Amino acid sequence: MSHRFETVDEVRGDLAKVDYLADDAIAGIVYLADRLGKPILIEGPAGTGKTQLAKSVAEMSDSRLIRLQCYEGLDESKALYEWNYKKQLLRIQTESGEDESWTEIQDDIFSDEFLLTRPLLEAIRAEDRVVLLIDEVDRVEIETEALLLEVLSDYQVSIPELGTLEAKQVPLVFLTSNNTRELSEALKRRCLFLHLDYPTMEREKEIVLTKVPDINEHLADQVARIVRSIRSLELKKHPSVSETIDWARTLILLGIEQVDEAVASETINILLKYRSDIEKALKEFKTNSAQVFTPAS
Amino acid sequence: MRDGVIDDLETEKAAVAEASPIFELLNGFVTELRNAGLPVSLSENLDAIEAVRHIPLEDRSAFKAALAATLVKNHTHWRSFETLFEVFFSLRGAEYALDGDSDDPFGDLDPDDQDGPPGAEGQGQGGGGGDGLTPEELAEMLFQAMKNNDQALQRALARQAVKRYAGMEPGRPVGGTYYLYRTLRNLDLDAMLERLMQEAQEDAGGLTPLEERLERDEYETRMDGLRKEIEAEIRRRLVADRGAEAMAKTLRKPLPEDVDFMHASREEMTNLRRAIYPLTRKLAVRLARKRRHGRKGPLDFRNTVRHSLSYGGVPAEPKFKYPRPSKPEIMVIADISGSVAAFARFTLHLVYAISGQFSKVRAFVFIDGLDEVTSYFDGVEDIAEAVHRVNTEADVVWVDGHSDYGHAFEVFWENYGNEINSKTTVLILGDARNNYHASQAWILKEIEHRARKLFWLNPEPKAYWDTGDSIIGEYGSHCDGVFEVRNLRQLERFVDNLV
Ligand SMILES: Nc1ncnc2c1ncn2[C@@H]1O[C@H](COP(=O)(O)OP(=O)(O)OP(=O)(O)O)[C@@H](O)[C@H]1O
Ligand SMILES: [Mg+2]
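The rules we used
- Residues numbered from 1 in each chain as written.
- Chains lettered and ligands numbered in written order.
- Predicted model: local features only at pLDDT ≥ 70, side-chain atom pairs only at ≥ 80, totals over all residues.
- Heavy atoms only, no water.
- Helix = DSSP H or I, 4+ residues; strand = E, 2+ residues; numbered from the N terminus.
- Buried < 20%, exposed > 50% of the residue type's maximum accessible area, 1.4 Å probe, protein only.
- Contact = heavy atoms within 4.5 Å.
- Areas by Shrake-Rupley, 256 points an atom, 1.4 Å probe, with all protein chains shown as cover.
- Pairing = 2+ DSSP bridges.
- Axes fitted to C-alpha atoms, helices over the stretch in contact; angles between N-to-C directions.
- Parallel < 35°, antiparallel > 145°, perpendicular 65-115°, else oblique.
- Left-handed = near helix turned anticlockwise from the far one by under 90°.
- Nonpolar A, V, L, I, M, F, W, Y, C, P; charged D, E, K, R; others polar.
- pLDDT = per-residue confidence, 0-100.
- Salt bridge = Lys/Arg side-chain N within 4 Å of Asp/Glu carboxyl O.
- Phe/Tyr/Trp six-rings, centres within 6.5 Å; stacked < 30°, edge-to-face > 60°.
- Lys NZ or Arg CZ within 6 Å of the ring centre and 35° of its normal.
- Near = heavy atom within 4 Å.
- Polar contact = N/O pair within 3.5 Å; in protein donor to acceptor, adjacent residues only side chain to side chain.
- Domains from an automatic or database assignment.

## Considerations on the overall build of chain B
Phase 1 of the analysis: A tally of helices and strands in chain B yields 21 helices and six strands.
Phase 2 of the analysis: The burial tally for chain B puts 50% of its 499 residues in the buried class.
Phase 3 of the analysis: Residue pairs at least 24 apart in sequence account for 73% of intrachain contacts in chain B once pairs closer than 6 positions are excluded.
Phase 4 of the analysis: Per element, the accessible surface of chain B, about 23,500 Å² overall, is 50% carbon and sulfur.

Shown next, in the form of structure tokens:
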């Protein structure tokens, strides 16, 4: 079996070419997933690039992205496959005059032609290289998770009327979760696990520089530092990477070159959504921090 | 059949282990992870073995990432994993080519350091460039390394500092924290931070509060890095002295969800507070789902017929009426004195975080006097803030500030007793240590009569109940349930069942 990537560094480099800034852990796990033929389960706070990682890997490896967006109530007929029974009914009606046996009809209507392929099956049957993204898997009921297991461990789908369909190629699979509930042990066992946290200050600065074309080094640095400081506070919701990017873009639009207290307090609502969080952060930045913070020893 | 598979896997594992000492080491590591409470399955163990085959062993961080990806499937277990990883793979440098310290300007631990006493103060001889420095020179070098963010030099100096200041002697039965404390006391990082800030001020010709804050955060990040280096060095030396298995055992720490409310250290408290947000979010989602899916009611005839139209009149999809069970009203009565305060805080926080599940939540806190604090939570976004106010502002001291459950219950009964009805669930939080005051247990009996349910949550281990001045047995006999709730895991379970 041929592998997609030769080295971890290659993964990181290629991701950077499509504007995704990965650290060692991220690049390493993508590399491993390809080598071991295992899915990656990515968990972490909102807006840390979980979904984007799958998209970027697809882009950089010239693979087709197949996405299954999960939601409460997602079932087999939307995730795996469904028989097109309208078409089946039509077929039965048109044939009912002839002297065709029921077995023949049955064989016919349970064939490929009448099968509606959904994302999981589509990924299994693909002839070309695909990346399968199962987004926000924590939204489906725990019972529905079972649907995924066969696909994720054996890369096959069993359809009672057709038998077992095996993958022609091993797709690279990403599952994302916002951790609103504990996923089943069975699912976790089958996956490599990546906790995608907020990036380090240095990496976030790189992300800003890549994603906000007109920004200069100095402002990007300031943006990343301020966001890091805000994240060190105990808040209801910390700013996500996408909010950092939005903030930086806004600063550029406003023609700002230097963030001071006034700019920060006028634009902080892009980073923080709760009133109480905003108040807390502004209070922190106005007071002399030496009095607020006694350094831990 | 099952056994057969496992046998095969075990044989394979054994075969792999034979092939290379690194795999043997890996098996020991996995055993320790399990001892620490991480649920590593056999298949995950095999995945780890397979994974490291694809990783150049000299790349320590890739090696660590490969193990983490295959063995740790819950982020709250990360710290335990990291500590154990350090213990198991920090010393095996040369042998397994895992030690990524070639950038160390002072060289690695001296070979003679490893068998002999790891350099007590003043003893280190010929261990490379760092030994000749005076303490002042060392401090100055460290200052410069911090200021310029020279991480290689920081690492080297961290080692040197441990060697000089920790006073480590082989076989001494003290834990790493003791050595850490001694080393840090000598380095006086607080003073260094102030000096760094001062120089930053001078270099910039004055800093605005915002700039100052950003500078400080930057230096504190560097300090944290240095502290980690020092801890790592201490651990390395301890492992050299005692062996990995023994060290792993002394380092075994409870997972956040298992940390005892009553005996949490400051760091554990911080971790607990961090854990509570995702937990309440998870709980809220789960409970909301439960309400929606919970019970199937009787057939909803009209709805079924309406839907049947799309099936040509065949009632193919029966629809049910979802009963809307009336939401209970909750009254929480919490002892917030000394040792049980943390427990009360977490429970109040959790209850308010899911207050949408109840028609009404009222909170009362007491020590020997009792005060209603419901209004503290009215319309606030930040529950933690409200909980904090409860602890600092509520009027709960009557005589001497020692818990008096009996008197608190009396006050409660007199003022609020008639507001309890058959929809009210009453939760009492506390250790029932009544300082030998009158119990007034009859009040609980009255409450139990009036309320829908009366539960007691006790943060003490069951083994201590009814010892000394604890009268949980007497109070409990009037309750619908008494639960031991010592940690987040137990608290989550209780709240889950409550709704
Ligand atoms: N490492 C990164 N490199 C480049 N851009 C990034 C990176 N991480 C995050 N981003 C940016 O952040 C945005 C949000 O990321 P994404 O939508 O993948 O978040 P998510 O983790 O899936 O969030 P959610 O949990 O809300 O679904 C991306 O569109 C991308 O612009
Ligand atoms: Mg997403």
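## Focus on the environment of Ala394 of chain B
Residue and element names in this part refer to chain B.
Phase 1 of the analysis: Positionally, Ala394 belongs in the loop between helix H17 (383-393) and helix H18 (405-416).
Phase 2 of the analysis: Put simply, Ala394 and Ile22 are 372 residues apart on the chain and 59 Å apart in space, counted from C-alpha to C-alpha.
Phase 3 of the analysis: Setting aside anything within four residues of it in sequence, one finds Ala394 in contact with Val365, Asp371, Val373, Tyr376 and Arg389.

## Observations concerning the sheet that holds strand E1 (residues 40-43) of chain A
Pairing between sheet strands relies on hydrogen bonds along the backbone, with the strands arranged either parallel or antiparallel.
Residues and elements named next belong to chain A.
Phase 1 of the analysis: Ordered by their spatial adjacency, five strands build an open sheet running E2-E5-E8-E1-E9, and the pairing between neighbours is parallel. Each of the sheet's edge strands pairs with one partner strand only, and the pair in question is strand E2 (64-69) and strand E9 (192-195). Neighbour to neighbour, the strand axes of the sheet diverge by 20 degrees on average, direction disregarded.
Phase 2 of the analysis: Pairing analysis gives six bridges linking E2 to strand E5 (residues 130-135), with the strands arranged parallel. Within the sheet, the bridge partner assigned to Leu65 lies in E5 and is Val131.
Phase 3 of the analysis: Of the strands in this sheet, E1, E2, E5, strand E8 (172-177) and E9 touch helix H3 (residues 50-60), which is tilted by about 165 degrees from E8.

## A word on unusual backbone geometry
Excluding glycine, residues mostly carry a negative phi; peptide bonds, for their part, are mostly trans.
All names here are of chain B.
Phase 1 of the analysis: Residues other than glycine seldom take positive phi values, yet Asp188 does so here, at roughly 45 degrees.
Phase 2 of the analysis: Considering the arrangement of structural elements, one finds Asp188 in the loop between helix H10 (176-187) and helix H11 (189-204).
Phase 3 of the analysis: Under the relative-accessibility criterion, Asp188 is labelled partly exposed at 42%.
Phase 4 of the analysis: We note that Asp466 has phi near 65 degrees; this positive angle belongs to a residue other than glycine.
Phase 5 of the analysis: The residue Asp466 is located in the loop between strand E5 (453-458) and helix H20 (472-476) in this model.

## Regarding the packing of helix H11 (residues 217-231) of chain A against helix H12 (residues 241-253) of chain A
All names here are of chain A.
Phase 1 of the analysis: Here H11 crosses H12 at 135 degrees, and the two axes come no closer than 11 Å. Relative to H12, H11 is oriented oblique. Viewed along their axes, H11 and H12 form a crossing whose handedness is right-handed. Contact with H11, carried on its side by Leu219, Val223, Ile226, Val227 and Arg231, involves Val241, Thr244, Trp247, Ala248, Leu251 and Ile252 of H12 and no other residues of that element.
Phase 2 of the analysis: Of the residues belonging to the contact of H11 with H12, the class tally is nine nonpolar, one polar and one charged.

## Describing the confidence of the model for chain B
All names here are of chain B.
Phase 1 of the analysis: The share of residues in chain B with pLDDT of 70 or more is 79%, and the mean pLDDT across the chain is 79.
Phase 2 of the analysis: In this model residues 93-128 is a low-confidence stretch, pLDDT under 50, and it forms 65 contacts with partners more than four residues away in sequence or in other chains.
Phase 3 of the analysis: Prediction confidence for the complex, expressed as pTM and ipTM, is 0.73 and 0.87 respectively.

## Brief notes about the pattern of salt bridges
Phase 1 of the analysis: Under the definition given, this model contains 45 salt bridges over all chains.
Phase 2 of the analysis: A salt bridge links Asp9 of chain A to Arg12 of chain A, with the nearest nitrogen and oxygen atoms 2.3 Å apart. Of this pair, Asp9 of chain A and Arg12 of chain A are both found in helix H1 (residues 8-17), three residues apart, which corresponds to roughly one turn of the helix.
Phase 3 of the analysis: Close ionic contact of Glu460 of chain B with Arg433 of chain B constitutes a salt bridge, the shortest N to O distance being 2.7 Å.

## Structural notes on the packing of aromatic side chains
Two numbers describe a pair of aromatic rings. These are the distance of the centres and the angle of the planes.
All names here are of chain B.
Phase 1 of the analysis: Enumeration over the complete set of coordinates arrives at 29 aromatic pairs over all chains.
Phase 2 of the analysis: Through pairs of rings, three or more aromatic residues link up here, namely Phe29, Phe63, Trp78, Phe81, Phe85, Phe88 and Phe89.
Phase 3 of the analysis: Across from the ring centre of Phe143, 3.6 Å away, lies the NZ or CZ of Arg195, which sits over that ring.

## Topic: the site of ligand 1
All names here are of chain A.
Phase 1 of the analysis: The environment of ligand 1 is formed by 18 residues, the closest being Gly47, Lys50, Thr51, Gln52 and Asn178.
Phase 2 of the analysis: At 2.8 Å, a backbone N or O of Leu21 approaches a nitrogen atom of ligand 1.
Phase 3 of the analysis: Interatomic distance of 2.7 Å between a backbone N/O atom of Gly47 and an oxygen atom of ligand 1.
Phase 4 of the analysis: Summarising the interface, the protein chains cover 83% of the accessible area of ligand 1, which totals 640 Å² for the free molecule.
Phase 5 of the analysis: Those elements that place two or more of their residues in the shell around ligand 1 are H3, helix H10 (201-211) and H12.
Phase 6 of the analysis: Of the residues in the shell around ligand 1, the class split is six nonpolar, seven polar and five charged.
Phase 7 of the analysis: The residues that make up the shell around ligand 1 include at least three from each of domain 1 (8-72 + 127-195) and domain 2 (201-286).

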